[in-house]
Amino acid sequence: MSVTKQIVRVGLIGAGRMGSFHATSLAQKVPGAVLAAVADPVPGAAQRLAEKLGAGKYYSEPQLMLDDPDIDAVLIATPARTHAELVAAAARAGKHVFCEKPMAITLEEADHAIAAAKTAGVVLQVGFNRRFANGFAAALDAIKKGEIGTPQLIRSLTRDPSPLRDPSGIPPWTIYLETLIHDFDTLLHCNPGAKPVEVYAIADALVRPDFKDKGLLDTSVVTIRFDNGAIAVADASFEAVYGYDVRAEVFGSNGMFQMGNINVNNCVRYGAAGIAIETSRQDTDLLADAYIAELTEFVRCAASGETPRATGEDARNALEIALACIASVQQSKPIQLRG
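Cut-offs applied
- Residues numbered from 1 in each chain as written.
- Predicted model: local features only at pLDDT ≥ 70, side-chain atom pairs only at ≥ 80, totals over all residues.
- Heavy atoms only, no water.
- Axes fitted to C-alpha atoms, helices over the stretch in contact; angles between N-to-C directions.
- Helix = DSSP H or I, 4+ residues; strand = E, 2+ residues; numbered from the N terminus.
- Parallel < 35°, antiparallel > 145°, perpendicular 65-115°, else oblique.
- Left-handed = near helix turned anticlockwise from the far one by under 90°.
- Contact = heavy atoms within 4.5 Å.
- Nonpolar A, V, L, I, M, F, W, Y, C, P; charged D, E, K, R; others polar.
- Pairing = 2+ DSSP bridges.
- Buried < 20%, exposed > 50% of the residue type's maximum accessible area, 1.4 Å probe, protein only.
- Arc of directions from axis to C-beta.
- Phe/Tyr/Trp six-rings, centres within 6.5 Å; stacked < 30°, edge-to-face > 60°.
- Polar contact = N/O pair within 3.5 Å; in protein donor to acceptor, adjacent residues only side chain to side chain.

Trainee: Residues and numbers for the packing of helix H7 (residues 174-189) against helix H10 (residues 312-331), please.
Mentor: Direction vectors running N to C along H7 and H10 enclose 120 degrees, while the axes themselves pass 8 Å from each other. Overall, the two elements H7 and H10 adopt an arrangement that is oblique. The two elements H7 and H10 cross, and the hand of that crossing is right-handed. In contact with Tyr176, Leu177, Ile181, Phe184, Asp185, Leu188 and His189 of H7, H10 contributes Asp314, Asn317, Ala318, Leu319, Ile321, Ala322, Leu323, Cys325, Ile326 and Val329. Counted by class, the contact of H7 with H10 contains 13 nonpolar, two polar and two charged residues.

Below, the structure written as structure tokens:
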């Protein structure tokens, strides 16, 4: 007897750079998924992307798509400050939700989104893609099994490659809420069972000091102390001239794990000018397989009701550290967490 695989019809909200990338993955690379609709308030954006990828419907208002009974799930890839309410609206409409990070920018918003998903009984997954990258996934699995022993020193970093030619559109505190939020999630999961108890952050505008008076901070280092004694450090820069750089390291009582590699491939060139390697220049290049893997998990969970690896509660935990970083910079002192 043959078994028919359940198809999940996904609607995309947000047809920008990341939304378009996710839409292409859903339409062409994610088993069990159908890109059924696109919604975006920018005139013509939803129609262009829907027609390009063969989605049957497009909307200028997200709520119209949420009201469509033919849509099973939604992927939210809009600006960060719109995420929480869209998550709640999608949940109220009975749609499973994949939301790009951050899920919210306040803890109250996060709690509201989580509660809406639980009340509706829908899957809520947040886009912490590093957990799905091969090296990170292998290390996190080994850490959970106790192979590292007791984590003692943990490090994670994000260095974006894009030149900051016009940073005027970057909202305040983006370095914590949208960039280092990935690192905070990584650090939390590299020290399973432990709780952060103190956060200290320093930041400056070293890439574009001319925008500092407008609220832009483009460089930061964060120190986190955990209740099991482990010390973690995260750093970020908005301009790495050598490429997109995402790495992590966990040192424990039984050894050390390192995760992440900037190389495009394992070819090393030796020539008269020295040694050179090709490096990734975009997140969608360096983490392409991880992006597809996280969407594949979301579609599977939407079809089966399983709990995804990156939940709304995980997003809240990372957000709590991000908000503590903001308070630390504002007050120039460590911020105590309840743990």
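Don't stop here, the text continues.
Trainee: Outline the sheet that holds strand E4 (residues 73-76), supporting the account with residue identities and numerical values.
Mentor: Pairing in this open sheet of six strands is parallel, and the strands run E3-E2-E1-E4-E5-E6 from one edge to the other. Two strands bound the open sheet, and with one partner strand each, they are strand E3 (57-59) and strand E6 (124-126). Strand-to-strand twist across the sheet, computed as the mean angle between neighbouring axes with direction ignored, equals 25 degrees. Summarising the sheet, strand E2 (residues 33-39) and E3 pair through three bridges and their orientation is parallel. The residue of E3 that forms the bridge with Ala39 is Tyr59. Packed onto the sheet, helix H2 (residues 45-53) meets strand E1 (8-13), E2 and E3 and runs at close to 165 degrees relative to E3.

Trainee: Give a description of helix H6 (residues 134-144) that names residues and reports values.
Mentor: An α-helix turns once per 3.6 residues; consequently, residues spaced three or four apart project the same way. Looking at H6, one finds that the buried residues are Phe136, Ala139, Leu140, Ala142 and Ile143. One side of H6 holds all its buried residues, which, seen down the axis, span an arc of 165 degrees. Along H6, the residues that are exposed and aim more than 90 degrees away from the buried face are Asn134 and Lys144. Contact partners of the buried residues in H6: H7, strand E11 (245-252) and strand E12 (255-259). Just downstream of H6, Gly146 is the residue with a positive phi angle, here 85 degrees.

Trainee: Can you tell me about the packing of aromatic side chains, naming the residues and giving the values?
Mentor: Counted according to the given criterion, the structure contains three aromatic pairs. Judged by centre distance (5.7 Å) and plane angle (65 degrees), the rings of Phe98 and Phe298 are edge-to-face. Remark: Phe298 occurs in helix H9 (residues 288-304) and Phe98 occurs in strand E5 (residues 96-99); sequence separation between them is 200 residues. Assessed through its relative accessible area of 0%, Phe98 is described here as buried. The buried category is assigned to Phe298, whose relative accessible area is 1%.

Trainee: Tell me about the environment of Thr279, and please be specific about residues and values.
Mentor: Summarising the element assignment, Thr279 is placed in the loop between strand E14 (274-276) and helix H8 (283-286). A C-alpha to C-alpha distance of 32 Å links Thr279 and Ala50, two positions 229 residues apart in sequence. Ignoring anything within four residues of it in the chain, the contact list for Thr279 reads Tyr242, Gly243, Ile262 and Val264. Within the structure, Thr279 has its side chain in polar contact with the backbone oxygen of Tyr242 (distance 2.6 Å).

In short, shape yes, function no, at least from these values alone.
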